[in-house]
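Descriptive analysis of the structure
Now for the letters of each chain:
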Amino acid sequence: MKAAAVTSDGEFFDRPFITAGETARYRRLQQQLARTTKGSANRAKVRARMNKIMGRVAGRRADFCAVTAAHLTAKNAFVVLEDLKTRSMTASASGTLAEPGSRVAQKRGLNRSILDKGWHRPELALTSAARYTGTRVVKVNPAYTSQRCSACGFVTETNRESQAVFRCKAAGCGHTAHADVNAAINIKHAAGHAVSACGDLGNSRSVKQEPVSRATGRTPT
């Protein structure tokens, strides 16, 4: 996932939460921690340094979520999210010795991306900001939003050629778009079906959070 949030009109919201230098320092500290004795003063010092780095990361993430939520709720009466089950999506795919998992490396990478972007945090920030603007936050079923063509409705896994490229394979269509923008439009359309008597959704912008993809090895339901 390249961006934490994408709207149906093509706005991208993202920022790095940890610098390259902090990543390198954190890895060195992890190595130091492994060499320390449990319960020792040195171990406590290393943990404190690690927590300091992660505290800065958490602060940046919280600031990003708050600013993004304020922007979206100030401009829109409705904000539409996919109803994602983050805990289930980030479950390990390693399996057991008797029944080992498949595509474990891909799943591990997806889990890191989901946790890095902190998908649940933007939802909490939006819900909080919406209390002050009267914005309605709507959640919809995420099934097939990344595979459906927003122009003609044709659904197939191969429509999404890459993380960024969507190209409809339906005969006579060939619609192309940024894959996340295409999915965000589908999410907005889904809200139109899911919400009754909600007024005009035409000017609303739906936050795009990437649904379960084929990289997880799971079939959307």
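Residues numbered from 1 in each chain as written. Predicted model: local features only at pLDDT ≥ 70, side-chain atom pairs only at ≥ 80, totals over all residues. Heavy atoms only, no water.

1. Re the confidence of the model for the protein
Parts of the prediction with low pLDDT should not have their coordinates interpreted in detail. The condition is simple: In predicted models, pLDDT denotes the confidence assigned by the predictor to each residue on a 0 to 100 scale. Contact between two residues is taken to exist if any of their heavy atoms lie within 4.5 Å; hydrogens are not considered.
Confidence in the prediction of the protein, expressed as mean pLDDT, is 78, and 70% of residues score 70 or more. Confidence drops under a pLDDT of 50 for residues 89-97, and excluding neighbours within four residues, the segment shows 24 contacts in the predicted structure. Residue range residues 195-221 is modelled with pLDDT below 50. Its contacts to residues more than four positions away, or to other chains, number 88 contacts.

2. Description of the pairing of strand β3 (residues 78-82)
Defined as follows: When a residue's accessible area, from a 1.4 Å probe over protein chains only, is under 20% of the maximum for its type it is buried; when over 50% it is exposed; and in between it is partly exposed. For helices the rule is a DSSP run of H or I covering at least 4 residues; for strands it is a run of E covering at least 2, with both sets numbered from the N terminus onward. For two strands to be treated as a pair, DSSP must find at least two bridges joining them.
Counting buried positions over the 5 residues of β3 gives 5, a clear majority of the element. A two-sided burial pattern is seen for β3, the buried positions comprising Phe78, Val80 and Glu82 on one face and Val79 and Leu81 on the other. Pairing of β3 with strand β4 (residues 136-140), which is carried by 5 bridges, proceeds in the parallel orientation. Its bridge partner lying in β4, Phe78 is registered against Arg136.

3. Thoughts on the packing of aromatic side chains
Heads up, the condition is: Aromatic pairing here means that ring centres of Phe, Tyr or Trp (its six-membered ring) are within 6.5 Å. Orientation follows from the plane angle: under 30 degrees is stacked, over 60 is edge-to-face, and everything else is tilted.
Scanning the model with the defined rule gives 1 aromatic pair in all. With a centroid separation of 5.6 Å and an interplanar angle of 65°, the aromatic rings of Phe17 and Phe64 are classed as edge-to-face. With Phe17 in the loop between β2 (12-13) and α1 (20-35) and Phe64 in helix α2 (residues 41-75), this residue pair connects regions lying 47 residues apart in the sequence. An identical accessibility class is assigned to Phe17 and Phe64; each is buried.

4. Side note on the state of the cysteines
Counted only if it meets this: Cysteine sulfur pairs qualify as disulfides if the two atoms are within 2.5 Å.
Tallied over the entire structure, the rule returns 0 disulfides. Between Cys173, a free cysteine, and Cys152, which holds the nearest cysteine sulfur, the sulfur-to-sulfur gap is 3.7 Å.

5. Topic: the packing of α1 against α2
Where we set the bar: Angles run from 0 to 180 degrees between N-to-C directions of axes, and those axes are lines fitted to C-alpha atoms, restricted for helices to the stretch in contact. In what follows, roughly perpendicular refers to angles from 65 to 115 degrees, roughly parallel to angles under 35, roughly antiparallel to angles over 145, and oblique to any angle outside these ranges. Each helix crossing is assigned a hand: it is left-handed if the near helix lies turned anticlockwise from the far helix by less than a right angle, otherwise right-handed if that turn is clockwise. Residues were grouped as follows: Ala, Val, Leu, Ile, Met, Phe, Trp, Tyr, Cys and Pro as nonpolar; Asp, Glu, Lys and Arg as charged; and all remaining residues, including Gly, as polar.
Where α1 contacts α2, the two axes come as close as 9 Å, and the packing angle between them is 150°. If you check the angle between α1 and α2, you find them roughly antiparallel. Note on packing geometry: the crossing formed by α1 with α2 is left-handed. Seen from α1, the contacting residues are Glu22, Arg25, Tyr26, Leu29, Gln30, Gln32 and Leu33; seen from α2, they are Arg43, Val46, Arg47, Arg49, Met50, Ile53, Met54, Arg56 and Arg60. Partitioned by chemical class, the residues of the contact of α1 with α2 number 7 nonpolar, 2 polar and 7 charged.

6. A word on the packing of α2 against helix α5 (residues 120-133)
At a minimum axis distance of 8 Å, the contact between α2 and α5 shows a crossing angle of 45°. As summarised for this structure, α2 and α5 are arranged oblique, according to the angle between their axes. The hand of the α2/α5 crossing is right-handed. Between α2 and α5, the residues in contact are Arg61, Cys65, Ala66, Ala69, Ala70, Leu72, Thr73 and Ala74 and Arg121, Pro122, Ala125, Leu126, Ala129, Ala130 and Thr133, respectively.

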